[in-house]
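Structural description and commentary
Listed below, chain by chain, are the residues.
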Amino acid sequence: MQRKTPLSFMSRRRVAASVSGIVAVAMLGAGAAYLMRDPVPHFMQRRSALASVVEGASSVEDGFRLTPVRVTATSGLSLELVVRRAVADSGRQLPLAVILGGHYTGRDVARMLGDTHGVVVAALSYPFTGDLRPDAATFLRQIPRVRAAFLDTPPAVMLALDHLLRLPGVDTARVEAVGVSLGAPFMCIAGALDRRFTRVWSIHGSGGSYTPLEANMRRTIRFAPLRSVAAAIADVIIAGPRLDPVRWVPRVAPRPFIMVNASGDERLPRRAVDALYRAAREPKEIVWMSGRHVHGDRATILRLVNIVIGRVREASP
């Protein structure tokens with residue numbers, strides 16, 4: 001009989017390397033699948049039910065009463081917002097506009113809106129407790145919080161609506177979901193899931209998750225291959241493909257969907273803007289305005305307010 005010889009040392013190393021590679025790929029695949037699982041059960045669990053509402057002291061600025069509010073769900077999810085209503089509108093039944101803007105402004109945008117007579121406005125902050133302007137090291141430590149905030153924002157919007165629709169003087173048949181910049185994808189998701197919103201707005205928003213991330217990283221990561229890898233990793237971590245508004249916006253119909261976009265937007269690739277509009281079903285509309293992406297500057301905000309609030313007033317009886 002021919003005697004079997006054991007594997008050589010190099011052969012054993014190759015086999016071990018192959019097995020390790022297969023295991024690593026399998027683990028990466030399982031990890032990616034876990035990170036990008038269906039978010040709807042999480043949304044519903046976190047939204048749960050309204051547990052408490054704490055109102056802060058109101059103030060009056062330029063004829064508008066501003067009331068800070070903190071709402072908390074039975075799940076522990078918590079959100080801060082400001083309700084803005086003209087003092088002269090007291091006693092009237094008015095439409096409601098729920099606004100989610102950039103992560104720097106949050107609920108403070110309520111102080112920058114100009115003339116919103118005839119509309120109750122609620123400006124929301126994000127359910128994020130970390131550093132809004134982190135350095136590279138801080139950002140890495142905050143990755144779990146960033147992911148949690150992304151997944152908590154749509155249910156937080158619905159939780160806020162649980163409170164807002166109980167306010168006196170709010171017309172529950174005229175409720176606008178207004179997402180601005182970073183807030184646009186989240187409002188598309190909340191508007192798709194919550195039929196209490198009667199119209200959904202995407203302001204300076206787009207479709208996609210990887211494409212906007214990669215485009216925005218161009219300012220800080222100039223080496224294209226590295227930028228592509230960083231954007232791809234970040235996209236998976238924040239469950240970007242699952243939160244892509246292109247997946248959600250078809251569910252808004254038959255309620256109206258309106259996009260307002262800047263012709264000179266330097267942050268959002270035109271193909272990503274077009275992708276979101278194509279995905280939406282009728283009735284839908286896109287409005288183009290001149291200028292660049294909104295950066296929290298008051299002049300651009302006032303132009304956007306005039307477009308949105310003007311349409312809301314037009315629909316009022």
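Residues numbered from 1 in each chain as written. Predicted model: local features only at pLDDT ≥ 70, side-chain atom pairs only at ≥ 80, totals over all residues. Heavy atoms only, no water.

1. Let's talk about the overall build of the protein
- Scanning the protein from N- to C-terminus turns up 10 helices and 10 strands.
- Split into buried and exposed, the 317 residues of the protein put 46% on the buried side.
- Across the protein, contacts joining residues at least 24 apart in sequence account for 72% of those joining residues at least 6 apart. (Helix = DSSP H or I, 4+ residues; strand = E, 2+ residues; numbered from the N terminus. Buried < 20%, exposed > 50% of the residue type's maximum accessible area, 1.4 Å probe, protein only. Contact = heavy atoms within 4.5 Å.)

2. Points about the environment of I237
- Residue placement: I237 occurs in helix α6 (residues 224-237).
- On the basis of relative accessibility, which here comes to 22%, the residue I237 falls in the partly exposed class.
- I237 sits 94 residues away from I143 along the chain, and the two C-alpha atoms are 7.8 Å apart.

3. Considerations on the nonpolar core
- Counting 48 residues, the largest nonpolar core has L81, L96, V98, L124, L164, F197 and F257 as its most contacted members.
- Ranked by size, the runner-up nonpolar core spans 29 residues in total, among them L66, V178, A262 and V287. (Core = buried A, V, L, I, M, F, W, Y, C linked by side-chain atoms within 4.5 Å.)

4. Considering helix α9 (residues 270-279)
- Inspection of α9 places A272, V273, L276 and A279 among the buried residues, and these make up the whole buried set. Angular distribution of buried residues about the axis of α9 spans 135 degrees; they occupy a single face of the element. More than 90 degrees from the buried face of α9, the exposed residues found are R270, R271 and R278. (Arc of directions from axis to C-beta.)

5. Quick notes on the pattern of salt bridges
- All chains considered together, the criterion is met by 14 salt bridges.
- D194 is the salt-bridge partner of R196, the closest N and O atoms lying 2.7 Å from each other.
- Within this structure, R47, D162, D194 and R196 form a network of salt bridges that share partners. (Salt bridge = Lys/Arg side-chain N within 4 Å of Asp/Glu carboxyl O.)

6. Some remarks on the pairing of strand β4 (residues 78-86)
- Most of β4 is tucked away: eight of the nine residues are buried.
- Sheet topology note: the strand β3 (residues 64-73)/β4 ladder contains nine bridges and is antiparallel. Following the sheet pairing, R70 is matched in β4 by E80.
- In this antiparallel pair of consecutive strands, β3 and β4, the connection spans four residues, and G76 shows a positive phi of 100 degrees. (Pairing = 2+ DSSP bridges.)

7. Quick notes on the side chain of N261
- Along the polypeptide, N261 turns up in strand β9 (residues 257-262).
- The exposure class of N261 is buried, given its relative accessible area of 0%.
- If sequence neighbours within four positions are ignored, N261 has contacts with H204, G205, L268, V273, I286, V287, W288 and M289.

8. Topic: the confidence of the model for the protein
- Across the protein, pLDDT averages 85, with 83% of residues at or above 70.
- Here residues 19-32 scores under 50 on pLDDT; set against residues more than four positions off or in separate chains, the count is one contact. (pLDDT = per-residue confidence, 0-100.)

9. A short note on the environment of W201
- On the secondary structure map, W201 appears in strand β8 (residues 199-203).
- The exposure class of W201 is buried, given its relative accessible area of 0%.
- Taking the C-alpha atoms as reference points, W201 and P185, separated by 16 residues in sequence, lie 10.0 Å from one another.
- Setting aside its immediate chain neighbours within four residues, W201 contacts E176, A177, V178, G179, I258, V260, I307, V308 and R311.
- Here the side chain of W201 touches E176 through a polar contact of 2.7 Å, side chain to side chain. (Polar contact = N/O pair within 3.5 Å; in protein donor to acceptor, adjacent residues only side chain to side chain.)

10. Focus on the packing of aromatic side chains
- Applying the stated criterion across every chain yields a total of three aromatic pairs.
- A ring pair is formed by Y126 and F186, whose centres lie 6.0 Å apart and whose planes are at 70 degrees; its orientation type is edge-to-face. Taken together, the positions of Y126 in the loop between β6 (120-124) and α3 (136-164) and F186 in helix α4 (residues 183-193) put the pair 60 residues apart, joining distant regions of the chain.
- Y126 sits in the buried class, given a relative accessible area of 15%.
- Exposure remark for F186: the relative accessible area of 4% places this residue in the buried category.
- Ring geometry for F150 versus F186: centroids 5.3 Å apart, planes at 75 degrees, classification edge-to-face. (Phe/Tyr/Trp six-rings, centres within 6.5 Å; stacked < 30°, edge-to-face > 60°.)

11. Brief notes about α4
- The buried fraction of α4 is high, at nine of 11 residues.
- Along α4, the residues that are buried comprise G183, A184, F186, M187, C188, I189, A190, G191 and A192.

12. Description of the side chain of S206
- Relative to the helices and strands, S206 resides in the loop between β8 and α5 (210-217).
- Those residues in contact with S206 that sit more than four places away from it in its chain are P212, P245, L268, A272, V273 and L276.

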